[in-house]
Amino acid sequence: MAIKTIGIIGAGTMGNGIAQACAVSGLDAVMYDIAPAALERGVATVGKSLDRLIKKGTMTDADKAAVLARISTTTELAGVAGADLVLEAATENEQLKIKILGQVAALVPPETIIATNTSSISITRLAEASGRPERFVGMHFFNPVPMMALVEIISGLRTSKETVAAVTAFAEQLGKTPIGVKNSAGFVVNRILCPMINEAIFALQEGLASAEEIDAGMKLGCNHPIGPLALCDLIGLDVELAVMEVLYGNFNDPKYRPAPLLRDMVDAGMLGRKTGRGFYSYER
Ligand code: NAD
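Residues numbered from 1 in each chain as written. Predicted model: local features only at pLDDT ≥ 70, side-chain atom pairs only at ≥ 80, totals over all residues. Heavy atoms only, no water.

S.K.: How should I be thinking about the packing of helix α2 (residues 36–56) against helix α3 (residues 61–69) in this particular structure?
M.R.: Axes are the key here: two packed helices are described by the angle between their axes and the distance separating the axes. One way to put it is that α2 packs onto α3 with a least axis distance of 10 Å and a crossing angle of 155°. Relative to α3, the element α2 lies roughly antiparallel. Seen from above, α2 lies across α3 with right-handed handedness. On the side of α2, the interface is formed by V43, V46, G47, L50, D51 and I54, while α3 contributes D61, K64, V67 and L68. When its residues are assigned to classes, the contact of α2 with α3 shows 6 nonpolar, 1 polar and 3 charged. (Axes fitted to C-alpha atoms, helices over the stretch in contact; angles between N-to-C directions. Helix = DSSP H or I, 4+ residues; strand = E, 2+ residues; numbered from the N terminus. Parallel < 35°, antiparallel > 145°, perpendicular 65-115°, else oblique. Left-handed = near helix turned anticlockwise from the far one by under 90°. Contact = heavy atoms within 4.5 Å. Nonpolar A, V, L, I, M, F, W, Y, C, P; charged D, E, K, R; others polar.)

Encoded structure:
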């Protein structure tokens, strides 16, 4: 079945980014959130993002109006009932997601595919909560969604091949490059990226080099566009710590133990750019 209308649960950072990507690609997006203010902020964020494209000359005012007209908002979950695909992008909390998925499953026809944008919760577990594990899948978009090309398509143990094929085609419709991933903590990108950042923090903690030198090493030696410590400041040290804890908890392998310095900095409220201090200081 062709996917034309997407129901998006949660209008936050990821939800509004996904809505923008859908609407820019000519699809209709219905954003649902419990907080009316989040919906307003979500639409305003899309508007500002489109304004940047107009400034760059890659979009006209008329295009912007057409894109915004394809995004509707609702504080009633029933608003997503007619969607061809429902994508859950609410707060990262397993109990909350289980509750939402149960409500969505009771609302949408049994053939409707339900996807989740979770970064760290088991797709197999959420699939069971959806009551339709064959038609449940992970679609892990990257932030900022309109700019980032990758979508990890994560199969739970019982996700059907047809479901994977449908959401793979949908991701391509958005102009994204999907990669297929088996359900496992951190999926592919965070499984590799977060331990790399954690190792950079160990290197700093052990006094191997300064933060600037570690970042220069990885930029100039590996052609990374940004050093691991500067990237950690961007992601948030609390988010990096949470991912390492998920990896450590799932695999019980000491190679995933969070660096003590990372934990200490989180305890000190040095969360990176969002608090003005992390491995670097930022003007506020
Ligand atoms: P966010 O905090 O910006 O937005 C979450 C939104 O969910 C909020 O607007 C909140 O009001 C809404 N919400 C909470 N409870 C709800 C409910 N019961 N029903 C409907 N809406 C509800 O979070 P985010 O960064 O957009 O993350 C959303 C999801 O995407 C999480 O699962 C996260 O792990 C995942 N993710 C985040 C990133 C990232 O970089 N931020 C990247 C990839 C995946």
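After presenting the structure, the write-up continues.
S.K.: Quick question: what am I supposed to make of the site of the ligand here?
M.R.: Around the ligand, the structure places 23 residues, and the nearest of them are T13, M14, D33, E92 and K97. A distance of 3.4 Å is found between an oxygen atom of the ligand and a backbone nitrogen or oxygen belonging to A90. In the model, an oxygen atom of the ligand is placed 3.5 Å from a nitrogen or oxygen of the N143 side chain. Burial of the ligand by the protein amounts to 77% of the accessible area it has alone, namely 840 Å². Taking a 2 Å distance to the grid points as the criterion, the majority of the atoms of the ligand fall inside the largest pocket. Listing elements by their share of the shell around the ligand, those giving two or more residues are α1 (13–24), α4 (94–107) and β6 (136–141). At 3 residues, the largest contribution of residues to the shell around the ligand is made by α4. Its residues assigned to classes, the shell around the ligand comprises 11 nonpolar, 9 polar and 3 charged. (Near = heavy atom within 4 Å. Polar contact = N/O pair within 3.5 Å; in protein donor to acceptor, adjacent residues only side chain to side chain. Areas by Shrake-Rupley, 256 points an atom, 1.4 Å probe, with all protein chains shown as cover. 1 Å grid on protein atoms, 1.4 Å probe; cavity = no way out; pocket = protein on both sides within 12 Å on 5 of 7 lines; lining within 4 Å. Sits in = over half its atoms within 2 Å of the grid points.)

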